[in-house]
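Here are the chains, one letter per residue:
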Protein chains: 2
Amino acid sequence: MAKVKKAPRPKAQTPKGFRDYFGTEVTERAHMLKTIAEVYHQYGFDALESSAVETVEALGKFLPDVDRPNEGVFAWQDEDDAWMALRYDLTAPLARVYAQYRNDLPLPYRRYAMGPVWRNEKPGPGRYRQFYQCDADTVGAANVAADAEICAMLSDTLERVGIPRGDYVVRVNNRKVLNGVLEAMGVTDEAQAADVLRTIDKFDKVGEAGVRELLGKGRLDASGAYIDGVGLSEDQAEPVIAFLTSKDADVAKTFANLRDAIGSSAIGAEGVAELEKIGNLLAAQNYGSDRIEIDPSVVRGLGYYTGPVFEAELTFEILDEKGRKRQFGSVSGGGRYDDLVKRFTGQAVPATGVSIGVDRLLAALREKGRIGGKVTGPVVVTVMDKDRMADYQSMVAELRNAGIRAEVYLGNPKNFGNQLKYADKRQSPVAVIEGGDEHANGVVQIKDLILGAQIAENATLEEWKERPSQYEVPRGELVAKVREILDLHA
Amino acid sequence: MAKVKKAPRPKAQTPKGFRDYFGTEVTERAHMLKTIAEVYHQYGFDALESSAVETVEALGKFLPDVDRPNEGVFAWQDEDDAWMALRYDLTAPLARVYAQYRNDLPLPYRRYAMGPVWRNEKPGPGRYRQFYQCDADTVGAANVAADAEICAMLSDTLERVGIPRGDYVVRVNNRKVLNGVLEAMGVTDEAQAADVLRTIDKFDKVGEAGVRELLGKGRLDASGAYIDGVGLSEDQAEPVIAFLTSKDADVAKTFANLRDAIGSSAIGAEGVAELEKIGNLLAAQNYGSDRIEIDPSVVRGLGYYTGPVFEAELTFEILDEKGRKRQFGSVSGGGRYDDLVKRFTGQAVPATGVSIGVDRLLAALREKGRIGGKVTGPVVVTVMDKDRMADYQSMVAELRNAGIRAEVYLGNPKNFGNQLKYADKRQSPVAVIEGGDEHANGVVQIKDLILGAQIAENATLEEWKERPSQYEVPRGELVAKVREILDLHA
């Protein structure tokens, strides 16, 4: 008889580009989301949770990477052959929700949303296909006071989650100013306009001279590769340079420079006026340039922005994977997008909003040692006599009722060493031991595992004798003694 | 020239079987998840968040509906043609995670997880394709003390989220007892065994006589349709009946009845012994039958359970969509599944856990009026003079700094009535008004919208005159007066 071939075992593997989060990675994120939600709520925004799945039709072609429209989502066909996809951000679903419920929602509609989004993109180091966003948007407010408010809220939020003033800056620009500059340059071709925007985005990296080269014939980059230029004449490139170098310590001077750069462009003038208004509103509330500043080099990749754009950058340096110092960079971005709802309804609805990359923000706080310090496992009640499990479970019940995190060891109790190894792996502060003798004498042994570890590491034999880390107490004093030890290490 | 045909507008619609959650629906769920996580954490469980996406290979064929294996997931192929799918529960990902990281994880591994899961099933009323689960599992604990602990934790959790004792019961059974009964009956055919289990599951509905009919030739149901029977002889059916009627107010009598029902089956005897042990452990901690009870009619659909099974049922009645009274039913279930990890590693790993259907639990609490009462919108500062937006934003900044939820009206301010309608729609407690006169006089008008609504509804003209709902106060007393009104309605 032929041997029946067994199916191979499935691989236990996270899918490529995805990851699992354990313990404090999960709880620290939950805590941050809660803190951000509190700020958003305080500002008058209401919660919305749309489904993770949308019709591809509703998501549209707005994936926030201009170079690859209509790609980058995880999509499938449902039983009626309709295409469905996982949301790639929280803004496209908001546009759908607002269009769908617009007759019932208040106007303006101010909502916040938080949750994972999915991108079908090539994964890389620190770059996953599922990550959290945390957005707030005001739909139906044409006034740039809405944009100013979002910038202020972004600043407040960053400070609330633990980024001190000075370690971040919210930078504000306006797409209309950029469009005005393009108009002043005589650039009308869309592809060429996109090339110019991409070049502006490189200003931080290549500086004024580099931008000049890239706008003209091209440039040899550091690696020796030749980067083709946009092909503008030097005269034509002048407004871009004027624009990029417009930022001045005196904000009034910045605006004067911007007005020079846009020449006679009407759209450009509108953009500068809006920026000035945002600047004045923020100044009136004392948001100075130590928190929020006008910065003409902010572009933001998204094709759909139509007015003010902003991003929050962390200004401190970290070491990258190769040990080189670099700026941490952007953790949040947003802006005004007046056309997203129009796709559904035909009516333009002004909207503005911000998205915080929560995972990057958490990484920054961990990098700076501001979270992720102390991990505390449960008090572990060990099992010396497996027939007295009910007694051990009563002990943990007492501890829990006193608000102390606790558990009975539920593995195979035969090897006592394994129980202490388990407590060690769980980073337990205390182990409780009650064998037959203790039970007969009405006492329990309580082991201070934190002190025990310190002694094991540092102490001399003399010190070790003087500082016992294990105590015998009457059974009735179990909770009090455990509490005492926990308070000692708090 | 031919007219260019415009692409039709996308439909603004939630995909079929999905829904959006607004405002308090979101925050009440977040609050419940937080509360449940606190109980789980207190019991020593650590957080785990696996990705929403798994390989189909890793998910396997364990979808918790025995009738439809290998169906019911949302799946697609990635760029390497590998099949990926959205998780349909939180247990399958746990098995994958445990198998993948088993060398680094503590043993036992106690984890909790919460988040949405997705089912590609026919949607129905109250039945969605995305819903939240909230699980806790102990992997690597063979002792049924682990199961007893989970039952106790489930009871604690339900009370902590607001289901009072008496309004729920956790019912416990053991698959091994069921298998013992099948053995005593001489049922060895798997399909027939499944038919018997399904019949047992109907005991609550059709009673003893109904089960007798369904185990034998069949039965005419209330609608007049004939339901085919399993085709057992009366003698063969006897152990099932003995089993189903074994529950007694005296738990010792229940166990004696169960031992009769399983006859000489060894696996059955093991099951009864395990149930007794669980019963004793829970009794030692004073979890009486008002909270947790042994109930032989609990089956649980999942094919993968191998030992103790449990479910939490809410015992109060609600009105269904047709206005008929019915029991609210199950909000949580779980049990022991010793074979899930084996799929990956070849080694059996004992595991037990529970899953709470958070959305059903929220529905129950809303039904009983225990959540969802009071909604409070933000204080709305109206815009009387759009050129003084900075002043209005300063007012909301003051209010927020005092911990009061507040916002400036950001819609078109031209029609003042729209601003008050907006405040009404947001369920705002207070509106602030500062026109030119007020500004000149250094005062603001503060409107108590809650009192205003009460007066509008009930008061006579006399009362209306005596109880003003609008106050003029000096600008400097804005925060104090708003606070006073909020406290009045707290």
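Residues numbered from 1 in each chain as written. Chains lettered and ligands numbered in written order. Predicted model: local features only at pLDDT ≥ 70, side-chain atom pairs only at ≥ 80, totals over all residues.

Selection rule: UniProt positions are given in the numbering used here, feature names are shortened, and annotations may be inferred rather than shown by experiment.
The name recorded for chain A in an unreviewed UniProt entry is Histidine--tRNA ligase, from Pelagimonas phthalicica. In the Subcellular location (unreviewed entry) part of its UniProt record, chain A is described as follows: "Cytoplasm". UniProt annotates chain A under Subunit (unreviewed entry) with the comment "Homodimer."

## Remarks on the sheet that holds strand β6 (residues 109-118) of chain B
Which entries qualify depends on this criterion: Between any two strands, pairing holds if DSSP finds at least two bridges. The secondary structure listing takes helices from DSSP runs of H or I that are at least 4 residues long and strands from runs of E that are at least 2 residues long, numbered from the N terminus. Contact between two residues is assigned whenever their backbone-derived C-beta positions fall within 7 Å. Fitted lines through C-alpha atoms give the axes, limited to the stretch in contact for helices. The angle between two N-to-C directions lies from 0 to 180 degrees.
Across the sheet, 9 strands lie side by side as β1(A)-β2(B)-β6(B)-β7(B)-β14(B)-β13(B)-β12(B)-β8(B)-β11(B); this open sheet has mixed pairing. The open sheet has two free edges, formed respectively by β1 (21-22) of chain A together with β11 (292-294) of chain B, since each of these has just one partner strand. Note that strand β12 (residues 308-319) of chain B and strand β13 (residues 325-336) of chain B share 9 bridges and pair antiparallel. Across the sheet, the residue bridging to F310 of chain B is G334 of chain B, located in β13 of chain B. Along the sheet, helix α10 (residues 266-284) of chain B contacts β8 (168-174), β11 and β12 of chain B; its crossing angle with β8 of chain B, the most-contacted strand, is approximately 150°.

## With respect to the UniProt feature "binding site: L-histidine" (unreviewed entry) in chain A
Residues and elements named next belong to chain A. What counts here: Field definition: a residue is buried when 20 or more other C-beta atoms are found within 10 Å of its C-beta, exposed when 12 or fewer are, and partly exposed for counts in between, with C-beta atoms placed from the backbone.
When the UniProt feature table is mapped onto this chain, "binding site: L-histidine" (unreviewed entry) is found at D89, L90, T91, R119, Q133, D137, R300, Y304 and Y305. The exposure class assigned to L90 is buried, which follows from the 25 C-beta atoms found within 10 Å. Ignoring anything within four residues of it in the chain, the contact list for L90 reads A113, V117, Q133, D135 and S355. Not counting residues up to four positions away in its chain, the partners in contact with Y305 are R175, R300, G335, R336 and Y337.

## A few points about the sheet that holds strand β18 (residues 443-448) of chain A
Within a sheet, neighbouring strands are paired by backbone hydrogen bonds and run either parallel or antiparallel to one another. Residue and element names in this part refer to chain A. If you walk across this open sheet you meet the 5 strands as β16-β15-β17-β18-β19, and the pairing is mixed. With one partner strand each, in any of the chains shown, β16 (406-408) and β19 (470-474) form the two edges of the open sheet. Between one strand and the next, the sheet's axes are offset by a mean angle of 25°, whatever the strand orientation. The sheet contact formed by β18 and β19 spans 5 bridges and is antiparallel. Paired with K447 across the bridge in β19 is Q470. Contacting β17 (430-433) and β18, helix α16 (residues 449-458) runs over the sheet at an angle of about 50° to β18. In the packing of helix α18 (residues 478-489) onto the sheet, the strands contacted are β15 (379-381), β17, β18 and β19, and the crossing angle to β18 comes to about 10°.

## Let's talk about helix α10 (residues 266-284) of chain A
Residue and element names in this part refer to chain A. Heads up, the rule is: Take the residue count of a helix, subtract one, and multiply by 1.5 Å to get its expected span.
With 19 residues, α10 ought to run about 27 Å at 1.5 Å a step, and its terminal C-alpha atoms sit 27 Å apart, in line with that. By the burial criterion, the buried members of α10 are G268, G271, V272, E274, L275, I278, G279, L281 and L282. At the C-terminal side of α10, N286 shows a positive phi close to 65°.

## Here's the deal with the packing of α10 of chain A against helix α13 (residues 389-401) of chain B
Stated formally: Should an angle lie under 35 degrees it is considered roughly parallel, over 145 roughly antiparallel, and from 65 to 115 roughly perpendicular; all remaining angles are considered oblique. Left-handed describes a crossing whose near helix is turned anticlockwise from the far helix by less than a right angle; the clockwise case is right-handed. Note that Gly is not counted as nonpolar here; it falls among the polar residues with everything else outside the nonpolar set of Ala, Val, Leu, Ile, Met, Phe, Trp, Tyr, Cys and Pro and the charged set of Asp, Glu, Lys and Arg.
The N-to-C vectors of α10 of chain A and α13 of chain B enclose an angle of 40°; their axes lie 9 Å apart at closest approach. The pairing of α10 of chain A with α13 of chain B is recorded here as oblique in orientation. Both α10 of chain A and α13 of chain B take part in a crossing whose hand is right-handed. Along its contact with α10 of chain A, which presents N280, L281 and A284 of chain A, the element α13 of chain B presents M389, A390, Q393 and S394 of chain B. Its residues assigned to classes, the contact of α10 of chain A with α13 of chain B comprises 4 nonpolar, 3 polar and no charged.

## Quick look at the domain arrangement of chain A
One widely used convention gives an interface's size as the accessible area the parts lose upon coming together. The criterion, for reference: Where each domain starts and ends follows an automatic or database-derived domain assignment.
Its domain assignment divides chain A into domain 1 (24-167 + 294-367) and domain 2 (379-489). In this structure, domain 1 of chain A and domain 2 of chain A have C-alpha centres spaced 47 Å apart.

## Some points on the relation of the copies chain B and chain A
Let me state the cut-off plainly: A residue counts toward the fit only if its pLDDT is at least 70 in both copies, and the copies are then superposed by least squares on the C-alpha atoms of those residues.
It takes a turn of 180° to lay chain B on chain A, together with a shift of 0.0 Å along the axis; the resulting RMSD is 0.1 Å. As the rotation angle and translation indicate, the two copies are arranged about a two-fold axis. Scanning chain B for the C-alpha nearest the rotation axis identifies W76 of chain B, at a separation of 2.8 Å. Both copies present the same face, since 100% of the interface residues in chain B are matched by interface residues at the equivalent positions in chain A.

## What to know about the interface of chain B and chain A
Each partner contributes residues to the interface: chain B has 75 residues there, and chain A has 75 residues. With 6 residues, α13 of chain B is the largest single contributor of residues to the side of chain B that touches chain A. Tallied by class, residues from the side of chain B that touches chain A come to 37 nonpolar, 22 polar and 16 charged. Two elements, strand β2 (residues 46-49) of chain A and strand β1 (residues 21-22) of chain B, share 2 bridges in a ladder whose sense is antiparallel. Paired with L48 of chain A across the two strands is F22 of chain B, which belongs to β1 of chain B.

## Comments concerning the pairing of strand β6 (residues 109-118) of chain A
Residues and elements named next belong to chain A. Of all 10 residues in β6, 9 are buried, a share of seventy percent or more. The pairing of β2 with β6 spans 2 bridges and is classified as parallel. Counted as the bridge partner of A47 is Y112 from β6. Examined bridge by bridge, β6 and strand β7 (residues 130-139) share 10 bridges and lie antiparallel to one another. Within β7, the residue paired with Y109 across the bridge is V139.

## Some words on the pairing of strand β14 (residues 351-357) of chain A
Regular strands place side chains that alternate from one sheet face to the opposite one. All names here are of chain A. For β14, the tally of buried residues reaches 6 of 7 residues, placing the bulk of the element in the interior. Two strands pair when backbone bridges link them, and β7 and β14 are joined in this way by 7 bridges, in the antiparallel orientation. In the sheet register, D137 faces β14, and the bridge partner there is G353. Pairing between strand β13 (residues 325-336) and β14: 5 bridges, direction antiparallel. Of the residues in β14, the one forming a bridge with G334 is V354.

## Structural notes on unusual backbone geometry
Residue and element names in this part refer to chain A. Geometrically, the link from L107 to P108 is a cis peptide bond, its omega value of -5° lying close to zero. One can find P108 in the loop between α3 (91-101) and β6. Even without a glycine there, the phi angle at N286 is positive, about 65°. Examined against the element boundaries, N286 turns out to sit in the loop between α10 and β11 (292-294).

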